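# Geometric and topological summary
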Amino acid sequence: MKRHSLLILFALLLAALPAIAQPQSNYLDVNALFATQPVKWSPADNSSQTAAELAELHRLHDTSSPTEAAQANADDKEASVKLFRTPFGPAFADGSSQWSATVTFFTRLDADGSTVVNMVKDIFRRPRPGVRDTTLQMNCSTPTGFSYPSGHAIQGYLAGMALVAMLPQRANEIMKRADEFGHNRLVCGVHYASDVAASKVLAAKTLKVMRKNHDFHQDFEAARREVRRNLAGRN
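Along each chain, residue indices are assigned from 1 in the same order as the chain's sequence is written. A pLDDT threshold of at least 70 governs which residues receive local features in this predicted model, and a stricter bar of 80 or more applies before side-chain atom pairs are shown or counted, although totals over entire chains, interfaces and linings include all residues. In computing side-chain properties, one takes all heavy atoms of the structure into account and sets aside hydrogens as well as water.

## Section: the nonpolar core
Quick reminder of the rule: Among the buried residues, those of types Ala, Val, Leu, Ile, Met, Phe, Trp, Tyr and Cys that are joined through side-chain atoms within 4.5 Å form a nonpolar core. Per-residue accessibility, obtained with a 1.4 Å probe over protein chains only, is compared with the maximum for each type, and a residue is labelled buried under 20%, exposed over 50%, and partly exposed between these values. Note on conventions: DSSP H or I runs of at least 4 residues are helices, E runs of at least 2 residues are strands, and numbering of each starts at the N terminus. Note on contacts: a residue pair is in contact if any heavy atoms of the two residues lie within 4.5 Å.
Counting residues in each nonpolar core, the largest one holds 54 residues, and the members touching the most others are F84, F92, F105, F106, L109, L163 and M166. Of all the secondary structure elements, the ones that give two or more residues to this core are α2 (30–34), α3 (48–63), α6 (100–124), α8 (151–166), α9 (171–188), α10 (193–210) and α11 (214–231). Of all the elements, α8 adds the most residues to this core, at 9 residues. The contacts of L163, once residues within four sequence positions are left out, are V81, F84, F88, F92, F106 and I174.

## A few points about the packing of aromatic side chains
Stated formally: Centres within 6.5 Å make a pair out of two Phe, Tyr or Trp rings, where for Trp the six-membered ring is used; the pair is then stacked when the planes are under 30 degrees apart, edge-to-face when over 60, and tilted otherwise. Charge over a ring is defined by NZ of Lys or CZ of Arg lying within 6 Å of the ring centre and within 35 degrees of the ring normal.
What the rule picks out here adds up to 10 aromatic pairs. Pairing F105 with F220 gives two aromatic rings, centres 5.8 Å apart and planes at 75°, and the pair type is edge-to-face. Placement of F105 in helix α6 and of F220 in helix α11 is noted, with a sequence separation of 115 residues between them. Pair check on accessibility: F105 and F220 agree, each one buried. Note on F216 and F220: the rings are 5.7 Å apart at their centroids and 15° apart in plane angle, and the pair reads as stacked. Here F216 pairs with F220, and both are found in helix α11, just 4 residues apart, close to one helical turn. Judged by relative accessible area, F216 falls into the buried class, the value being 1%. The residue whose ring lies beneath R126 is Y192, and the NZ or CZ to ring-centre distance is 3.9 Å.

## Focus: the packing of helix α4 (residues 66–76) against α9
For clarity, the cut-off: In this analysis an axis means a line fitted to C-alpha atoms, helices contributing only their contacting stretch, and an angle means the value between N-to-C directions, from 0 to 180 degrees. Any angle between 65 and 115 degrees counts as roughly perpendicular, while under 35 counts as roughly parallel, over 145 as roughly antiparallel, and the rest as oblique. Amino acids outside the nonpolar list (Ala, Val, Leu, Ile, Met, Phe, Trp, Tyr, Cys, Pro) and the charged list (Asp, Glu, Lys, Arg) are all regarded as polar, and Gly is one of them.
Viewed as axis vectors pointing N to C, α4 and α9 meet at an angle of 105°, and their least axial separation amounts to 9 Å. With respect to their mutual orientation, α4 and α9 come out roughly perpendicular. Side by side, α4 and α9 meet where E68, A69, Q71, A72, N73, D75 and D76 of the first sit next to R177, F181, N184, R185, V187 and C188 of the second. Tallied by class, residues from the contact of α4 with α9 come to 5 nonpolar, 3 polar and 5 charged.

These figures come from the coordinates and say nothing about function on their own.
Below is the structure:
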């Protein structure tokens with residue numbers, strides 16, 4: 001029943017899009033994405049799942065080491081392909097001319113990720129964990145906006161999945177970093193686990209739609225060649 005109702009909700013939003021003006025996008029056909037169910041229902045505020053996820057956030061705050069909290073705080077400030085400097089080194093996508101195609105592609109990818117996640121957030125309007133439980137302490141800055149899905153996490157997963165397509169031989173370390181980045185939203189105390197899980201699913205479905213776009217393929221190929229050339233012999 002919930003799946004059927006959610007499909008109806010996305011269909012209604014899809015029908016309303018022409019009337020409320022199409023969002024700006026680089027590669028994403030929003031109509032194609034919202035024609036299916038891109039994410040499932042967010043857990044209800046008073047559900048046992050939300051209670052369990054809040055308990056986990058309290059546990060993470062109490063048990064995270066200073067190093068883990070510091071990394072989460074650093075990730076809080078970096079929601080771009082630069083987060084993958086962890087496996088690839090500090091010069092990765094540093095903005096210099098040798099990374100121009102890479103930066104262009106991932107900047108456009110990030111922008112489309114922000115567009116879609118903000119639209120989905122506005123559908124579910126799930127309050128942040130700290131709004132639901134004011135005793136929850138945070139390791140990072142206090143965010144504004146809704147919680148489901150995570151904007152940071154979708155940026156990390158979109159970039160990570162695109163990088164895996166460019167460098168399939170390094171898929172494990174790329175996705176390990178993307179998962180760590182998503183998990184750090186929990187360490188920060190600003191997202192539920194289900195927010196991050198939804199972002200991973202949404203990123204995969206968004207990327208699948210983007211792959212049908214001509215400009216995506218053109219920019220992706222330019223970035224792929226550049227990434228492979230620049231990383232050759234470094235790692």
